[in-house]
Amino acid sequence: MKRKIAYMGLFLALALICSYVESLIPIHFGIPGVKLGLTNIVVVLSLYCIGAKEAFTISTVRILLVGFLFGNVFSMVYSFAGALLSFITMYLLKKTKWLKCISISTAGGIAHNIGQLIVAAIVVETYSIFYYIPVLLIAGTITGIVIGVVSQELILRIGKNVRF
Amino acid sequence: MNKRFTKNDFIFLIGIFIVAVAIFVAFRFWGRIDGSQIVITIDGTKHGTYSLSENREIPIETEDGNNLLVIKDGIAKMIKADCPDQLCVHQKGISLEKETIVCLPHKVVITVESGNFNKIDAVAN
């Protein structure tokens, strides 16, 4: 149990660093919501190496901390919606045991974008922003695959060492 | 197959790819119409309609903060926003029907509309 908490702290710290690094990348694609999603590596990693409940806790606490450190309450709600939908999707897909990490991460990336878009549509009460769905779908697929490949390699290489 | 990639993943990813491209293509063919006016919505209520054909600056004042929208050469672009994330300022200018600029913190939405520019509506707003 103690070791598990230590690992959760470690993963949380990693997730924070990833969020920070991502906020430093000054690339804007001209479309809101398109970003790499580095933190998803940590979420996928903890989902595989620690467990679902723990991964969810890490993801939630990460959003709270990042919100207070670099963002505002608003960006917190926004990322939470994405993270929640993404997490549920990845958890359910992982449970079926049909798919490997790459597909799960891809589905997570897409779900993240869709979750954020839904919240954005509710907040501004306009459905025309669903115009961005195709771009966000493609962006989510590409980043999801990249993140999936990285996560898969990490799980294969260090996954066995995470024991508690 | 192996521990990284299986046949299931292949089918899944190809499926997602096809769906994404199909939606992308559908939206492209359906939405490539030049718009003639923009509608500004603040917190779900219509704030005003402006023609894209005349160059002008439109200051937008909301309870949550202020934005500055500029229409130039038929393209509407957000120039200034006093919000921390500046996402709407980094967004590309919009000119095609249904294209949208969103400033989430201020709940401002700018959408391009096309076709019959209704003068009566514009005046009423």
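Model, not experiment: these values are computed from the prediction. (Residues numbered from 1 in each chain as written. Chains lettered and ligands numbered in written order. Predicted model: local features only at pLDDT ≥ 70, side-chain atom pairs only at ≥ 80, totals over all residues. Heavy atoms only, no water.)

Student: So what exactly am I meant to see when it comes to the packing of aromatic side chains here?
Tutor: The geometry of an aromatic ring pair is captured by the separation of the ring centres together with the interplanar angle, meaning the angle of the planes. Residue and element names in this part refer to chain A. Considering all chains together, one arrives at two aromatic pairs over all chains under this definition. Taking 5.2 Å as the distance between ring centres and 55° as the angle between the ring planes, the aromatic pair formed by Phe56 and Phe87 counts as tilted. Taken together, the residues Phe56 in helix H3 (residues 52-70) and Phe87 in helix H4 (residues 73-96) connect sequence positions 31 residues apart. Among the residues examined, Phe87 registers a relative accessible area of 7% and is labelled buried. Note on Phe87 and Tyr91: the rings are 6.3 Å apart at their centroids and 5° apart in plane angle, and the pair reads as stacked. With Phe87 and Tyr91 both in helix H4 and four residues apart, the pair spans about one turn of that helix. Residue classification places Tyr91 among the partly exposed residues on the basis of a relative accessible area of 31%. When the ring centre of Tyr48 is taken as reference, the NZ or CZ atom of Lys94 above it lies at 4.9 Å. (Phe/Tyr/Trp six-rings, centres within 6.5 Å; stacked < 30°, edge-to-face > 60°. Helix = DSSP H or I, 4+ residues; strand = E, 2+ residues; numbered from the N terminus. Buried < 20%, exposed > 50% of the residue type's maximum accessible area, 1.4 Å probe, protein only. Lys NZ or Arg CZ within 6 Å of the ring centre and 35° of its normal.)

Student: Help me understand the interface of chain B and chain A, please; the structure alone is not making it clear to me.
Tutor: How big an interface is tends to be stated in terms of the accessible area lost upon association of its parts. Between chain B and chain A, the contact holds 34 residues from the first and 37 residues from the second. In total, about 3,100 Å² of surface goes out of reach between chain B and chain A, with carbon and sulfur atoms giving 70% of it. The interface formed by chain B and chain A includes zero salt bridges. At the boundary of chain B with chain A, the tally comes to three residue pairs in polar contact (both at pLDDT 80 or more). (Contact = heavy atoms within 4.5 Å. Buried area = accessible area lost by both parts, 1.4 Å probe. Salt bridge = Lys/Arg side-chain N within 4 Å of Asp/Glu carboxyl O. Polar contact = N/O pair within 3.5 Å; in protein donor to acceptor, adjacent residues only side chain to side chain.)

Student: Help me out: how do you make sense of the sheet that holds strand E2 (residues 45-51) of chain B in this one?
Tutor: To summarise the sheet geometry, strands pair through backbone hydrogen bonds and adopt either a parallel or an antiparallel arrangement. All names here are of chain B. Pairing is antiparallel across the open sheet formed by four strands, whose spatial order is E2-E1-E7-E6. Where the open sheet ends on each side, the last strands, each with one partner, are E2 and strand E6 (100-103). Averaged over all neighbouring strand pairs, the angle between strand axes comes to 15°, with direction disregarded. Judged from the six bridges that link them, strand E1 (residues 37-42) and E2 form a sheet pairing that is antiparallel. Considered in E2, the bridge of Ile42 is made with Thr45. (Pairing = 2+ DSSP bridges. Axes fitted to C-alpha atoms, helices over the stretch in contact; angles between N-to-C directions.)

Student: Sorry, what's going on with helix H2 (residues 39-49) of chain A here?
Tutor: Within an α-helix, residues lying three or four positions from one another point in the same direction, as the helix has 3.6 residues per turn. All names here are of chain A. Buried residues dominate H2, accounting for 10 of its 11 residues. Every buried residue of H2 is listed here: Thr39, Asn40, Ile41, Val42, Val43, Val44, Leu45, Ser46, Leu47 and Cys49. In this fold, the buried residues of H2 make contact with helix H1 (2-24), H3, H4, helix H5 (101-124) and helix H6 (133-158).

Student: Is there a simple way to explain the pairing of E1 of chain B in this structure?
Tutor: Every other side chain in a regular strand lies on the same face of the sheet, so the side chains alternate between the two faces. All names here are of chain B. E1 sits mainly inside the fold: six of its six residues count as buried. Residues of E1 alternate between two faces, with Gln37, Val39 and Thr41 on one and Ile38, Ile40 and Ile42 on the opposite face, all of them buried. In this antiparallel pair of consecutive strands, E1 and E2, the connection spans two residues, and Asp43 shows a positive phi of 50°.

Student: Would you mind going over the state of the cysteines with me for this structure?
Tutor: Think of a disulfide as a covalent bridge from one cysteine sulfur atom to another cysteine sulfur atom. Residues and elements named next belong to chain A. Evaluation of the coordinates by the stated rule reveals zero disulfides over all chains. Lacking any disulfide linkage, Cys49 is separated from the closest cysteine sulfur, that of Cys101, by 9.4 Å. The buried category is assigned to Cys49, whose relative accessible area is 12%. (Disulfide = S-S within 2.5 Å.)

Student: Sorry, what's going on with unusual backbone geometry here?
Tutor: Excluding glycine, a negative phi dihedral is what most residues carry, and trans is how most peptide bonds are arranged. Residues and elements named next belong to chain A. In this structure, Lys97 is a non-glycine residue whose phi angle is positive, near 65°. Here Lys97 is to be found in the loop between H4 and H5. The exposure class of Lys97 is exposed, given its relative accessible area of 73%.

Student: Explain the nonpolar core here, please?
Tutor: As a rule of thumb, nonpolar side chains are buried together in soluble globular proteins. Among the nonpolar cores identified, the biggest contains 27 residues, and Phe11, Ile50, Ile58 and Met90 of chain A are the most heavily contacted of them. Elements supplying a minimum of two residues to this core: H1, H2, H3, H4, H5 and H6 of chain A. For this core, the element with the most residues is H2 of chain A, which contributes seven residues. In contact with Ile58 of chain A, other than residues within four places in its own chain, are Met8, Phe11, Leu12, Ser46 and Ile50 of chain A. In this structure, Ala76, Met78, Cys83 and Val108 of chain B belong to the second largest nonpolar core, which totals 21 residues. (Core = buried A, V, L, I, M, F, W, Y, C linked by side-chain atoms within 4.5 Å.)

Student: I'm lost on the packing of H2 of chain A against H4 of chain A in this one. Help?
Tutor: The description of two helices packed together rests on the angle between their axes and the distance between the axes. Residue and element names in this part refer to chain A. Look at H2 against H4: their axes get within 11 Å of each other, and the N-to-C directions meet at 35°. The interaxial crossing formed by H2 with H4 has right-handed handedness. On the side of H2, the interface is formed by Asn40, Val43, Val44, Leu47 and Tyr48, while H4 contributes Ser86, Phe87, Met90, Tyr91 and Lys94. Considering only residue class, the contact of H2 with H4 consists of seven nonpolar, two polar and one charged. (Left-handed = near helix turned anticlockwise from the far one by under 90°. Nonpolar A, V, L, I, M, F, W, Y, C, P; charged D, E, K, R; others polar.)

Student: Could you clarify how one ought to interpret the confidence of the model for chain B in this entry?
Tutor: The predicted structure's coordinates, where accompanied by low pLDDT, should not be read in detail. Residue and element names in this part refer to chain B. A residue-level look at chain B finds 87% of positions with pLDDT of 70 or above and a mean pLDDT of 80. By mean pLDDT, helix H3 (residues 119-124) is the weakest element of chain B at 46, and strand E4 (residues 66-72) is the strongest at 89. Note on residues 117-125: pLDDT under 50 across the span, and 11 contacts to partners over four residues away in sequence or across chains. (pLDDT = per-residue confidence, 0-100.)

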